[in-house]
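Structure at a glance
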Amino acid sequence: MRGLVALRCNPAQAEQRALQLAQALEQGDWVQLLPPVGTSGLIPRALLPDGPGVVVASGGTSGGQQHCLQPCSHLDLSASATGQWLQQQGYDLQQCMVLNPLPLHHVSGLMSWWRSRCWRVGHAWLQPGLMRDPDALEQLCGSLPGWGEQQILISLVPTQLQRLLTHNAGVRVLKACAVIWVGGAVLSPVLMKAARAEGLRLAPCYGATETAAMVTALAPEDFLAGATGCGSPLEDVELRLTQAGALQVRTARLALARWLGEGLEDVRDQQGWWTSGDAGCLTTESNQLRLNIDGRLDGAIHSGGETVFPEQLESRLQAAAFGLPLEAVLLLAVEDREWGQRLVALVRPAAGANGEDLIKHLRHLSADWPPADRPMHWRLCPMLAPMANGKWQRGHWQQWLRLLEAESTEF
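Residues numbered from 1 in each chain as written. Predicted model: local features only at pLDDT ≥ 70, side-chain atom pairs only at ≥ 80, totals over all residues. Heavy atoms only, no water.

**Examining the packing of aromatic side chains**
Worth spelling out the cut-off: Pairing of aromatic side chains requires ring centres within 6.5 Å, counting the rings of Phe and Tyr and the six-membered ring of Trp. Pairs whose planes differ by under 30 degrees are stacked, by over 60 edge-to-face, and all others tilted. Burial status follows relative accessibility: with a 1.4 Å probe on protein chains alone, a residue under 20% of its type maximum counts as buried, one over 50% as exposed, and anything between as partly exposed. Any Lys NZ or Arg CZ found within 6 Å of a ring centre and within 35 degrees of that ring's normal is scored as a charge over the ring.
Tallied over the entire structure, the rule returns three aromatic pairs. Relative to Trp114, the ring of Trp113 lies with its centre 5.9 Å away and its plane at 75°, an arrangement referred to as edge-to-face. Of the two residues examined, Trp113 and Trp114, each falls in the buried class. Looking at Arg115, its charged tip hangs above the ring of Trp181, at a distance of 5.4 Å from the centre. Lying across the ring of Trp339, Arg342 places its NZ or CZ 4.5 Å from the centre.

Encoded structure:
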């Protein structure tokens, strides 16, 4: 019988769990990576193909969860493609070291660790608490063998980047990194501006669980020169757009299948393309294809005859609010009889800030926006935060908003 190991991925025990994962894979098993808490159904063993491989959850942004089956051979291909990209940038893989602040049960954290295994280079797990304590992070990094001598590679989500940029110790750690891959969510203009001002070697990228992580990346030199977007496809990747503007990816490392709780279904169409839920834009610069992500197609709303991408507006609002005590903002759609849909803004102020005053400032900043783009209502949400991989669980917060609206109409 095909073996299935369920591995609960506690960040506090990341090194131990990674060792258990490696041992199970060496035995030819499939390993389903589970979050540290919560329930998650296990894929039936009878559905599993020959191993070894991992089953990784991919939630996207609309709240529905699916699980992707990625064999070890696909993870190897992904690590190889990223290694080729690094070598094209002039790096010697044997002189690199990987820092990993991302969870093992997300493909981003899994692949950071997997790359270090394939390249046979140093790897260090960074506990989640360290990313909120830049002084402790700097102290730990300084104690790592090879720190200051090797080329440091790190993958971050925008929330982590933003936190580190607000502390001198965090900035020093970032400046010590040769490549800072940033993915998981759209990088806001204010973060890009702040990173360039510090000379940080950011490499905005795009990837998904279905693609075994990174499929495009922007070279740090191009980022520092002012380029935007997610960069160019890696050597083993093809990109195109559907008529509706959805990004499609074709590569040999697409997931074998996905499991949504019943049977398995193929992630590819008959021509081998995987269709993402992201609205993309492809341009050609210096004979290189470049990718920009406009936002989630399943997150786009239709308001007053206009198509609106909330993620773009969130980035715009964060940029306009630079210097204000704004920790997080999320724009969600509600049904409207006249407009079809309108936006409602959830706002989390910084600790100790006056939430009502912050909302007044945000209203003023967006007062001259087109009506379809301008939030109709603003709601304080002190617990508002993205998931560990930087993505918003929009379905969860949509439900939170519905409950809030229901309570406000009760008498």
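**Considering the nonpolar core**
Where we set the bar: In this description, a nonpolar core means a group of buried Ala, Val, Leu, Ile, Met, Phe, Trp, Tyr and Cys residues linked to one another through side-chain atoms lying within 4.5 Å. Here, residues are in contact when the closest pair of their heavy atoms is within 4.5 Å.
Among the nonpolar cores identified, the biggest contains 57 residues, and Leu21, Leu86, Leu110, Trp113, Val179 and Trp181 are the most heavily contacted of them. Not counting chain neighbours up to four residues away, the residues in contact with Leu110 comprise Leu21, Leu33, Val54, Val56, Leu75, Pro103 and Leu104.

**Comments concerning the sheet that holds strand β9 (residues 202–208)**
Counted only if it meets this: Any two strands between which DSSP finds at least two bridges are classified as paired. Counting from the N terminus, the helices are the DSSP runs of H or I reaching at least four residues and the strands are the DSSP runs of E reaching at least two.
Taken in spatial order, the seven strands line up as β6-β5-β7-β8-β9-β10-β11 in an open sheet, and their pairing is mixed. Two strands close off the open sheet at either side, each with one partner strand: β6 (122–125) and β11 (232–233).

**Focus on the UniProt feature "domain: AMP-dependent synthetase/ligase" (unreviewed entry) in the protein**
Keep this limit in mind: UniProt positions are given in the numbering used here, feature names are shortened, and annotations may be inferred rather than shown by experiment.
UniProt tags residues 73–241 as "domain: AMP-dependent synthetase/ligase" (unreviewed entry). What you have in residues 73–241 is 41% helix and 23% strand, and the ends, taken at the C-alpha atoms, are 27 Å apart.

**Observations regarding the domain arrangement of the protein**
As a reminder, the rule being used: As annotated, the domain borders come from an automatic or database domain assignment. Once two parts are put together, the accessible area they lose, assessed with a 1.4 Å probe and summed over both, is termed the buried area. The term polar contact refers here to a pair of N or O atoms within 3.5 Å; inside protein, the definition further demands a hydrogen-donor-capable atom paired with an acceptor-capable atom, and it admits residues adjacent in sequence only when both atoms are side-chain atoms. Ten residues, namely Ala, Val, Leu, Ile, Met, Phe, Trp, Tyr, Cys and Pro, are considered nonpolar, four, namely Asp, Glu, Lys and Arg, are considered charged, and the remaining ones, Gly among them, are considered polar.
Each domain of the protein was delimited in the assignment, giving domain 1 (4–296) and domain 2 (300–408). Distance from the C-alpha centre of domain 1 to the C-alpha centre of domain 2: 27 Å. Domain 1 puts 19 residues into the contact, and the matching count from domain 2 is 18 residues. Interface of domain 1 and domain 2: buried area, both sides summed, is about 1600 Å²; carbon and sulfur atoms make up 57% of it. The interface formed by domain 1 and domain 2 holds one residue pair in polar contact (both at pLDDT 80 or more) in total. Those elements that place two or more of their residues in the side of domain 1 that touches domain 2 are α7 (189–197) and β17 (288–296). Top element by residues in the side of domain 1 that touches domain 2 is β17. It accounts for three residues. Among the residues making up the side of domain 1 that touches domain 2, the classes are represented as eight nonpolar, nine polar and two charged.

**So, helix α3 (residues 107–119)**
To keep it simple, the criterion reads: Take the residue count of a helix, subtract one, and multiply by 1.5 Å to get its expected span.
With 13 residues, α3 extends 18 Å from end C-alpha to end C-alpha; this agrees with the ideal 18 Å at 1.5 Å per step. Burial analysis of α3 places 10 of its 13 residues in the buried class, the great majority of the element. Along α3, the residues classified as buried are Val107, Gly109, Leu110, Met111, Ser112, Trp113, Trp114, Arg115, Ser116 and Trp119. Immediately beyond the C-terminal end of α3, within one or two residues, lies Arg120, with a positive phi of roughly 60°.

**A closer look at the packing of helix α4 (residues 134–143) against helix α6 (residues 168–175)**
For clarity, the cut-off: Helix axes use the C-alpha atoms of the stretch in contact, all axes being lines fitted to C-alpha atoms, and the angles between their N-to-C directions lie in the range 0 to 180 degrees. With the far helix as reference, a near helix turned anticlockwise by less than a right angle produces a left-handed crossing, and one turned clockwise produces a right-handed crossing.
At a minimum axis distance of 7 Å, the contact between α4 and α6 shows a crossing angle of 35°. Where α4 crosses over α6, the handedness of that crossing is left-handed. Together, Pro134, Asp135, Leu137, Glu138 and Cys141 of α4 and Ala169, Gly170, Arg172 and Val173 of α6 make up the contact between the two elements. Residues of the contact of α4 with α6, tallied by class, amount to five nonpolar, one polar and three charged.

**A closer look at the pairing of strand β12 (residues 238–241)**
A regular strand places its side chains so that they alternate between the two faces of the sheet. Bridge count between β12 and strand β13 (residues 246–250): four bridges; the pairing is antiparallel. Within β13, the position partnered with Leu239 by the bridge is Val249. Between the end of β12 and the start of β13, which pair antiparallel, lie four residues, with Gly245 showing a positive phi angle near 90°.

**Side note on the sheet that holds strand β21 (residues 340–349)**
Within the open sheet, the three strands sit side by side as β20-β21-β22. Their pairing is mixed. The open sheet terminates on both sides in strands that have one partner only, identified here as β20 (326–336) and β22 (377–380). Averaged over neighbouring strand pairs, the angle between their axes works out to 25° when direction is ignored. Bridging between β20 and β21 involves 10 bridges; their strand directions are antiparallel.

**What to know about unusual backbone geometry**
Residue Pro52 is reached from Gly51 by a cis peptide bond, and omega for that bond is 5°. Relative to the helices and strands, Pro52 is located in the loop between β2 (30–34) and β3 (53–58). Positive phi outside glycine occurs at Ser286, with the angle close to 50°. By secondary structure assignment, the location of Ser286 is in the loop between β16 (274–285) and β17. Phi angles above zero are rare outside glycine, and Asn287 is one such case at about 65°.

**Side note on the pattern of salt bridges**
Basically, it comes down to this: We define a salt bridge as a side-chain nitrogen of Lys or Arg found within 4 Å of a carboxyl oxygen belonging to Asp or Glu.
For the structure shown, the criterion picks out 11 salt bridges. It is possible to trace a salt-bridge network through shared partners that takes in Asp222, Glu285 and Arg290.

**Points about the pairing of β9**
The buried count for β9 comes to six of seven residues, which makes it a mostly enclosed element. Both strand β8 (residues 177–182) and β9 contribute to a ladder of three bridges, which runs parallel. Looking across to β9, one finds that Trp181 is bridged to Ala203. Bridge count for β9 against strand β10 (residues 213–217) is four bridges, and the pairing is antiparallel.

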